[in-house]
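Tertiary structure, described
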Amino acid sequence: MKGRSEIYSFNQLFTDNKSRFVHFANTYVSDNMVAEDIVIESLMYYWENREKLAPDSNVPAYVLTVIKHKCLNYLHRLRTREEIVEYLKDCDTWELNLRIATLEACDPEKLFSDELQSLVDEALETLPEQTRDIFVRSRYHNQSHKEIAAALGISTKTVEFHISKALKVLRVALKDYFPFLAFFSNFFC
């Protein structure tokens, strides 16, 4: 009979207090489904631990205390989750701001011209000294073929030969850059 009496008491506790317990929990967790889950879990906790309570215990107060602690645990987990989300959002924001700042500071012309100049310099270093000298005089110092020929004591045809030779080496070294270099045709003409 004791088992039947306990079940009746539990059902009575559930029926008399469920809506108040759910309302209490929902006041704090602001989610009716979560509040109902907390109440059910709290009632189950009471049922599993009922024999440890003193015979004169205030059972509704006990269950309400369990609900209170479960609500606190839920809110602590929620706050921790939100703090983690906020931290991750801050990290994402920081990374995004870094990418924006880096991109804003990026000067493609300088990057591209530095890279291109480095490739040109490397290609020119592979040329014989006289070919390199003639090409540099022509393209960097804007000397005419006649001026170069006169300065070096060679014919203009020899100047043209060396410039043509340098251009062939540069075309091979800079083949990946030809679409861009089309704009700078005077360099390769």
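The following paragraphs examine the structure supplied in this document. (Residues numbered from 1 in each chain as written. Predicted model: local features only at pLDDT ≥ 70, side-chain atom pairs only at ≥ 80, totals over all residues. Heavy atoms only, no water.)

Per the stated rule, a full pass over the model turns up four aromatic pairs. Look at Phe10 and Tyr46: their rings are 6.4 Å apart centre to centre, the planes differ by 5°, and that puts the pair in the stacked class. Taken together, the residues span a long stretch of sequence, with Phe10 in helix α1 (residues 2-29) and Tyr46 in helix α2 (residues 32-49) at a distance of 36 residues. A single burial state applies to Phe10 and to Tyr46, both of which are buried. What links up through ring pairs into an aromatic cluster is the set Phe10, Tyr46, Trp47 and Tyr62. When the ring centre of Trp47 is taken as origin, the NZ or CZ atom of Arg50, which lies over that ring, is 3.6 Å away. (Phe/Tyr/Trp six-rings, centres within 6.5 Å; stacked < 30°, edge-to-face > 60°. Helix = DSSP H or I, 4+ residues; strand = E, 2+ residues; numbered from the N terminus. Buried < 20%, exposed > 50% of the residue type's maximum accessible area, 1.4 Å probe, protein only. Lys NZ or Arg CZ within 6 Å of the ring centre and 35° of its normal.)

As enumerated under the stated definition, the model contains three salt bridges in all. In this structure, Asp133 engages Arg137 in a salt bridge whose closest nitrogen and oxygen atoms are separated by 3.2 Å. Residue Asp133 and its partner Arg137 are both found in helix α5 (residues 129-139); the two are separated by four residues, about one turn of the helix. (Salt bridge = Lys/Arg side-chain N within 4 Å of Asp/Glu carboxyl O.)

Looking now at unusual backbone geometry. Positioned with a positive phi, Ser30 is a non-glycine residue whose angle comes to about 55°. Relative to the helices and strands, Ser30 resides in the loop between α1 and α2. Phi is positive for Asn142, which is not a glycine, with a value near 55°. You can see Asn142 is positioned in the loop between α5 and α6 (145-152). The exposed category is assigned to Asn142, whose relative accessible area is 64%.

Locating His162 in the fold gives a position in helix α7 (residues 156-173). With 29 residues separating them in the primary sequence, His162 and Asp133 have C-alpha atoms 9.2 Å apart. Every residue in contact with His162, bar those within four places of it in the chain, is listed here: Gln130, Thr131 and Ile134. Reaching out from His162, the side chain makes a polar contact with the side chain of Thr131 at a distance of 2.8 Å. (Contact = heavy atoms within 4.5 Å. Polar contact = N/O pair within 3.5 Å; in protein donor to acceptor, adjacent residues only side chain to side chain.)

Attention shifts here to α7. Given a rise of 1.5 Å per residue, 18 residues ought to cover 26 Å, and the 26 Å separating the end C-alpha atoms of α7 matches this to within 8%. Within α7, burial applies to Val159, His162, Ile163, Ala166, Leu167 and Leu170. Buried positions in α7, seen along its axis, are confined to an arc of 140° and lie on one side of it. Exposed residues pointing more than 90 degrees away from the buried face of α7 are listed as Lys157, Phe161, Lys168 and Val172. (Expected span 1.5 Å × (residues − 1). Arc of directions from axis to C-beta.)

The contact between α5 and α7 brings their axes to 9 Å, and the two run at 90°. As far as their axial angle goes, α7 and α5 are roughly perpendicular. Here Gln130, Thr131, Ile134, Phe135, Ser138 and Arg139 of α5 come into contact with α7, specifically with Val159, His162, Ile163, Lys165, Ala166, Leu167 and Leu170. (Axes fitted to C-alpha atoms, helices over the stretch in contact; angles between N-to-C directions. Parallel < 35°, antiparallel > 145°, perpendicular 65-115°, else oblique.)

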